[in-house]
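Summary of the model geometry
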Amino acid sequence: MKGLFVSFEGTEGSGKTSIIRQVSGHFSQMGIQVVATREPGGIRISEMIRDIVLGKANTEMDPRTEALLFAASRRQHLVEKIIPALTRGDMVLCDRFVDSSLVYQGIARKLGFDEVLQINQFAIQNIFPDLTILIDVRPEVGLSRVFNSPGREVNRMDLETIAFYNTIYNGYKTLLKKFPHRMISIDGEGEIEEVAQAVIAKIETILAGRK
Ligand code: TYD
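Some words on the pairing of strand β1 (residues 4-9)
Of all 6 residues in β1, 6 are buried, a share of seventy percent or more. Alignment of β1 against strand β4 (residues 131-136), held across 4 bridges, turns out to be parallel. Its bridge partner being in β4, Glu9 is matched across the sheet by Leu134.

Some points on the site of the ligand
Of all residues adjacent to the ligand, which total 16 residues, the nearest are Lys16, Arg74, Arg96, Ser101 and Gln105. At 3.0 Å, a side-chain N or O of Arg50 approaches an oxygen atom of the ligand. Elements with a minimum of two residues in the shell around the ligand: α2 (44-54), α3 (63-88) and α4 (98-108).

Section: unusual backbone geometry
Here Glu39 and Pro40 are connected by a cis peptide whose omega angle stands at -15 degrees. Inspection of the secondary structure assignment puts Pro40 in the loop between β2 (34-38) and α2. Unusually for a residue other than glycine, Lys110 sits at a positive phi of about 60 degrees. Here Lys110 lies in the loop between α4 and α5 (113-124). Note on Lys110: relative accessible area 73%, which makes it exposed. The backbone of Gln125 shows a phi angle near 50 degrees, a positive value even though the residue is not glycine. Along the chain, Gln125 falls in the loop between α5 and β4.

Cut-offs applied
- Residues numbered from 1 in each chain as written.
- Predicted model: local features only at pLDDT ≥ 70, side-chain atom pairs only at ≥ 80, totals over all residues.
- Heavy atoms only, no water.
- Buried < 20%, exposed > 50% of the residue type's maximum accessible area, 1.4 Å probe, protein only.
- Helix = DSSP H or I, 4+ residues; strand = E, 2+ residues; numbered from the N terminus.
- Pairing = 2+ DSSP bridges.
- Near = heavy atom within 4 Å.
- Polar contact = N/O pair within 3.5 Å; in protein donor to acceptor, adjacent residues only side chain to side chain.

Dropping the structure here:
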């Protein structure tokens, strides 16, 4: 596929959404077709699955159900939105992708990295991002941003304990070592503009290498 597939990962409150908005604006202004999207969600069916999987009332949800729902949402979003965009040659900026499941469900929920990778391989058929950017913000910094920003949606995952988020944070560090060919980390604790600039610079290097 001709397009460039970039996914963004990070703990709660890492600023991914604002960063993606700025990066998207930058490349759109350069005349590049950009599709900015998010998981779980991005299209109708996946947004419906999102409501189930993140619904605060669904406290009885089994971890394997959770993992399967994230994978199902991912599949539909990939087929309906990401693959067509990449086939057209667009740049896809996706807020979370398979690495979120590997870390949240595989490591933090203790379902096993390999098991979660396996169900996700069924869903993604080996379509991994060209580049995955981990926005590195320590959990205590991220969580204080979440709880101090008025109007932000607090979901079922936000209600986990600090220990859970530390596990997520360390899980991402493990993933960086497992996938060094596609995954990089960018310091996300500075101003959003600075972080976005660092992301833009990285993507520009990749685009230059493709010409
Ligand atoms: P969201 O409101 O999009 O949060 P964020 O801004 O942190 O991305 O919520 C997504 C939540 O779902 C987040 O807590 C991470 C979790 N998640 C998983 O546990 N597994 C997954 O595969 C995905 C995509 C998300």
